[in-house]
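So you can see what is in the structure, the chains are spelled out below.
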Amino acid sequence: MIEFAGEYYDGKTSRLYPAIITVYETILTLKCADFSLDIPLSNVTIDPTVGSARTVIHLSDNAEIHSSDRDAIRRLEITLKSATPENLARHLENRLLYAAAALIVTVAIIASLLRWGLPALAQYAATVFPTDTEAKIGAETLETLDELYLNPTTLTVHRQKELLEHLKLMCTTQECPPFELLFRNSTTIGANAFALPGNKLIITDQLIDKAKHDEEIMAVLAHELGHIKQKHIVRMMLQSIGSGVILVMVTGDISNYSDLAAGIPAILLQQGYSRDMEDEADIFALETLLRAHIPPHRFSDILIRIDPDTNTSSTLFSSHPDTKERVKAFSR
């Protein structure tokens, strides 16, 4: 038998009735000053207790009992054998070992999702991503870059055409993806080449000036074509958005997702490729150079020249492979 004090609400008025509640094997008896009720336990449910709030016991016909006697309520839950997700969660939360284990499992699941789940999902989604949407995102990103970091190229039209023809010739020996080669000048980002959504391939005058041979330029462009072929740009964007969705799920703050969705061009400007993506692009570049009979060391030569002070160490959290590690395959 369980006995405790509480307040009874009949579900029809807001009047409060002080009551003594007694729980037997199959019946809950409620005694007030002017009346008493016998209620089958099959008609009794309990809301999970939140913090220090009073527990609410639901009866038939919208009637309720409110009580602060936590010990009695807990014994009543055991009697009712309540196994709702809320009660199970409260049961686990009250045990430190279970709570710690749940935290570890949750962190492991989120980390696995970010490390393997999202990349796999993004890889598939990139193959069905609308082409016109990708082109629009690329155009908007290039417009932002032109406003902030890029200037018109200083190369002559003849030189631009010469490099474009050289790139097309290289692609006759390899299955290159469609591309649009664009030339820009930028003292801000310096010697660089990068790909944008919509198969846009950007190369700066500064990188061309660093090159001692046109084959070095072709080697860098082959690497960027690898990013385009593997749809790394779209995959990276989708992974960033997916990370935002997970953040919303964890924090419950929908504003994080709306800000992320509105700032896709900024994501593309700030986010680096993963090491796996860089490796895939390097493999494509190496295969392309070999097929085109271009010495692979052309890539390592210009990479070391652009980044002579590269750190020889690499950590798990590096977004790019170490430059000296990357060029080993090209230097053999």
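Rules behind the numbers
- Residues numbered from 1 in each chain as written.
- Predicted model: local features only at pLDDT ≥ 70, side-chain atom pairs only at ≥ 80, totals over all residues.
- Heavy atoms only, no water.
- pLDDT = per-residue confidence, 0-100.
- Helix = DSSP H or I, 4+ residues; strand = E, 2+ residues; numbered from the N terminus.
- Contact = heavy atoms within 4.5 Å.
- Salt bridge = Lys/Arg side-chain N within 4 Å of Asp/Glu carboxyl O.
- Pairing = 2+ DSSP bridges.
- Axes fitted to C-alpha atoms, helices over the stretch in contact; angles between N-to-C directions.
- Buried < 20%, exposed > 50% of the residue type's maximum accessible area, 1.4 Å probe, protein only.
- Arc of directions from axis to C-beta.
- Disulfide = S-S within 2.5 Å.
- Phe/Tyr/Trp six-rings, centres within 6.5 Å; stacked < 30°, edge-to-face > 60°.
- Parallel < 35°, antiparallel > 145°, perpendicular 65-115°, else oblique.
- Nonpolar A, V, L, I, M, F, W, Y, C, P; charged D, E, K, R; others polar.

Draft legend 1. Structural context of the confidence of the model for the chain. Looking at the chain as a whole, the pLDDT averages 84, with 83% of positions reaching at least 70. When mean pLDDT is compared element by element in the chain, strand β9 (residues 180-185) scores highest at 97, while helix α9 (residues 254-262) scores lowest at 54. Predicted confidence is poor over residues 311-320, with pLDDT under 50, and the contacts of this stretch with residues over four places away or in other chains come to 16 contacts.

Draft legend 2. Molecular detail of the pattern of salt bridges. This structure, assessed with the given rule, holds 9 salt bridges. With a closest N to O distance of 2.7 Å, R159 and E162 form a salt bridge. Of this pair, R159 and E162 are both found in helix α5 (residues 157-171), 3 residues apart, which corresponds to roughly one turn of the helix. Residues E215 and R298 are paired through a salt bridge, measuring 2.8 Å at the closest nitrogen-oxygen approach. Separated by 83 residues along the polypeptide, E215 in helix α7 (residues 214-229) and R298 in helix α12 (residues 297-306) bring together distant segments of the chain. Put simply, R159, E162 and D214 are held in one network by salt bridges that share partners.

Draft legend 3. Quick peek at the sheet that holds strand β2 (residues 17-23). Taken together, the 7 strands give an open sheet; going across it, the order is β4-β3-β2-β1-β7-β6-β5, and neighbouring strands pair in antiparallel fashion. The sheet is open, and its two borders are formed by β4 (36-40) and β5 (45-46), each paired with just one other strand. In this structure, β5 lies alongside strand β6 (residues 55-58), joined through 2 bridges in antiparallel fashion. Bridging across to β6, I46 finds its partner in I57. Along the sheet, helix α1 (residues 70-80) makes contact with β1 (2-9), β2, β5, β6 and β7 (64-67), crossing β1 at roughly 95°.

Draft legend 4. Up close: α1. Taken together, the buried positions of α1 are A72, I73, L76 and E77. The arc enclosing the buried residues of α1, seen along the axis, measures out at 145°, which places them on a common side. Of the exposed residues in α1, those oriented more than 90 degrees away from the buried face are D71 and I78. Just past α1, the residue K81 takes up positive phi, approximately 55°.

Draft legend 5. Layout of the state of the cysteines. All told, the structure shown has 1 disulfide when counted by the stated rule. Here C171 connects covalently by a disulfide to C176, the sulfurs 2.3 Å from one another. Its torsion about the S-S bond being -85°, the disulfide of C171 and C176 is classed as left-handed. As far as the burial class goes, C171 and C176 line up, both buried.

Draft legend 6. Fine view of the packing of aromatic side chains. Applying the stated criterion across every chain, the model contains 4 aromatic pairs. Between Y17 and F35 the ring centres are 5.3 Å apart and the planes differ by 80°, which places this aromatic pair in the edge-to-face class. Taken together, the positions of Y17 in strand β2 and F35 in the loop between β3 (27-31) and β4 put the pair 18 residues apart, joining distant regions of the chain. Residue Y17 is classed as buried on the basis of its relative accessible area of 15%. Chaining the aromatic ring pairs together yields one cluster made of Y8, Y17 and F35.

Draft legend 7. Looking closely at the packing of α7 against α12. Running from N to C, α7 and α12 cross one another at 90°; their axes reach a closest spacing of 8 Å. Considering the angle they form, α7 stands roughly perpendicular to α12. Only R298, F299, D301, I302 and R305 of α12 make contact with α7, whose side of the interface consists of E215, E216, A219, V220 and H223. Split by residue class, the contact of α7 with α12 holds 4 nonpolar, 1 polar and 5 charged.

Draft legend 8. Representation of the environment of L169. Within the secondary structure layout, L169 lies in helix α5. Exposure remark for L169: the relative accessible area of 57% places this residue in the exposed category. In sequence terms L169 and A292 are 123 residues apart; their C-alpha atoms lie 8.5 Å from each other.

Draft legend 9. Geometry of the sheet that holds strand β10 (residues 193-196). If you trace the 4 strands from one edge of the open sheet to the other, you get β8-β9-β11-β10, paired in mixed fashion. Where the open sheet ends on each side, the last strands, each with one partner, are β8 (151-152) and β10. Bridge count between β8 and β9: 2 bridges; the pairing is antiparallel. The residue of β9 that forms the bridge with N151 is N185. Contacting β9, β10 and β11 (200-204), helix α4 (residues 131-148) runs over the sheet at an angle of about 140° to β10. Relative to β11, α7 is tilted by about 150°, and along the sheet it contacts β9, β10 and β11.

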